[in-house]
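A look at the structure
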Amino acid sequence: MTSTPVDGVILAAGRSARMEQPKALLTVGPDTFLERAAQTLRQAGCRRIWVVAGSDATWLDLAAGLGLELVINAEPSSEQVDSLRLVLRALPPDTAGVLVLPVDLPLVQEQTATAMMAAFQAAPCTLVLPFHNTVAGHPVLLGSALFDEVLNTELEEGIRTLIMSHARDLCEVKVDDPGILIDIDTPDDYSRSIEQQ
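What this report covers is the structure whose coordinates are included nearby. (Residues numbered from 1 in each chain as written. Predicted model: local features only at pLDDT ≥ 70, side-chain atom pairs only at ≥ 80, totals over all residues. Heavy atoms only, no water.)

Broken down by element type, the chain carries seven helices and 10 strands. The C-alpha atoms of the chain give 16 Å as radius of gyration, which agrees with the globular expectation for 197 residues (16 Å, within 12%). Each of the three principal axes of the chain carries a C-alpha extent, and together these read 40 × 35 × 35 Å. The buried share among the 197 residues of the chain stands at 50%. In the chain, the proportion of contacts linking residues at least 24 apart, taken out of those at least 6 apart, comes to 71%. If you sum the accessible surface of the chain, you get close to 9700 Å²; carbon and sulfur atoms cover 48% of it. (Helix = DSSP H or I, 4+ residues; strand = E, 2+ residues; numbered from the N terminus. Rg over C-alpha atoms; globule rule 2.2 N^0.38 Å. Buried < 20%, exposed > 50% of the residue type's maximum accessible area, 1.4 Å probe, protein only. Contact = heavy atoms within 4.5 Å. Areas by Shrake-Rupley, 256 points an atom, 1.4 Å probe, with all protein chains shown as cover.)

What follows is the structure, encoded as C-alpha cells:
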C-alpha cells in the first residue's frame, strides 16, 4: 500500500478493429496483455485496479479472476478519455491519483510504473510521465487535482490535451524502457514487437 492511495486503470474498451481480435487476450510469452498490465500496476503499488471493457468483451472472466474492478464502456466509438471518465466517476473519494495504462502497451516494464509511483509519492506532482530517450510514453499518472478537469472539460485530443495544458506541473521520470513507446495496434506491430523478441 502506498502512502497516498493510487488506483490503477487499464484501458481496454477499444474495438481492436485493425488487430481483428481482442488485444487483452494477445500474449507476451505465457501472459496475456491484460495479465501483464494488471501485474505491472499491482507491482507499482496500486491499491485497486480498474479495467474498462467494451460491452461485447469476451474476457470478463479473466478480468474477474485477476481481481480487477470492471467498468463497461458501452459506446464502441468513444475515445480513451471517455473510458477514463467512467472510472473517475466510480472511484472512492480518497483516491489521490490514477496510474493509467492502455492494454495495448504490454512491454512497459514493472520498474517504470514503480518509479512513476515513487515520483508521485515523493513530490506534489499532479501529472507524472515516463520518458525514454527524451520521448514521453505510457503509462500516465494523474493526480486527483486533475480529475475535475478530465470530467468536465472538452479535451479535443484526450489526455494529450491535458498534458499540454499542464506541462509546467509535469514530473518527468527518465527510464531505460522502450516499452513505454511500443503500442500494439496491428498484426504487423505484434509480429515486429512481440513475436520477434
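Further remarks concern the state of the cysteines. Scanning the model with the defined rule gives one disulfide in all. Each sulfur in the disulfide pair C125 and C171 lies 1.7 Å from the other. Taking the torsion about the S-S bond as the criterion, the C125 to C171 disulfide, at about -80°, is left-handed. One end of the pair, C125, is in the loop between helix 4 (110-122) and strand 7 (127-132); the other, C171, is in strand 10 (residues 170-174), and 46 residues separate them in sequence. For C125, a relative accessible area of 7% translates into the label buried. As a non-bridged cysteine, C46 has C125 as the owner of its nearest cysteine sulfur, 16 Å distant. Note on C46: relative accessible area 9%, which makes it buried. (Disulfide = S-S within 2.5 Å.)

Membership of the largest hydrophobic core comes to 41 residues, with the highest contact counts inside it found for I10, F33, L34, V51, W59, L68 and L99. Every element with two or more residues in this core is listed here: strand 1 (6-12), helix 1 (33-44), strand 4 (49-54), strand 6 (97-102), helix 4 and helix 7 (187-195). Filtering out sequence-adjacent residues up to four positions away, F33 remains in contact with K23, A24, L26, T27, V28, V103, D104, P106, I184, Y190 and I194. (Core = buried A, V, L, I, M, F, W, Y, C linked by side-chain atoms within 4.5 Å.)

A separate point is helix 4. Note on helix geometry: an α-helix contains 3.6 residues per turn, so any two residues three or four positions apart are oriented the same way. Compared with the 18 Å implied by 1.5 Å per residue over 13 residues, the 18 Å span of helix 4 between its first and last C-alpha is a close match. Here helix 4 has its buried residues at T112, A113, M116, M117 and F120. Take helix 4 and look down its axis: the buried residues cluster within an arc of 135°, on one side only. Looking at helix 4, the residues exposed on the side facing more than 90 degrees away from the buried face are Q111 and A122. (Expected span 1.5 Å × (residues − 1). Arc of directions from axis to C-beta.)

Moving on, we come to the packing of aromatic side chains. In total, this model carries one aromatic pair according to the counting rule given. Centroid distance F33 to Y190: 6.2 Å. Interplanar angle 35°. Geometry classified as tilted. Of this pair, F33 sits in helix 1 while Y190 sits in helix 7, and the two are 157 residues apart along the sequence. In this structure, F33 and Y190 share a single accessibility class: buried. (Phe/Tyr/Trp six-rings, centres within 6.5 Å; stacked < 30°, edge-to-face > 60°.)

For the rest of this paragraph, the subject is the pairing of strand 6. The element strand 6 is largely enclosed, with a buried count of six among its six residues. Side chains of strand 6 alternate between two faces, with G97, L99 and L101 and V98, V100 and P102 buried alike. Of the strand pairs in this sheet, strand 1 and strand 6 are connected by six bridges, and their pairing is parallel. Each residue of the ladder has a partner; that of V9, found in strand 6, is V100. Across four bridges, strand 6 lies against strand 9 (residues 140-143) in antiparallel orientation. Opposite G97, over in strand 9, you have G143 as the bridge partner. (Pairing = 2+ DSSP bridges.)

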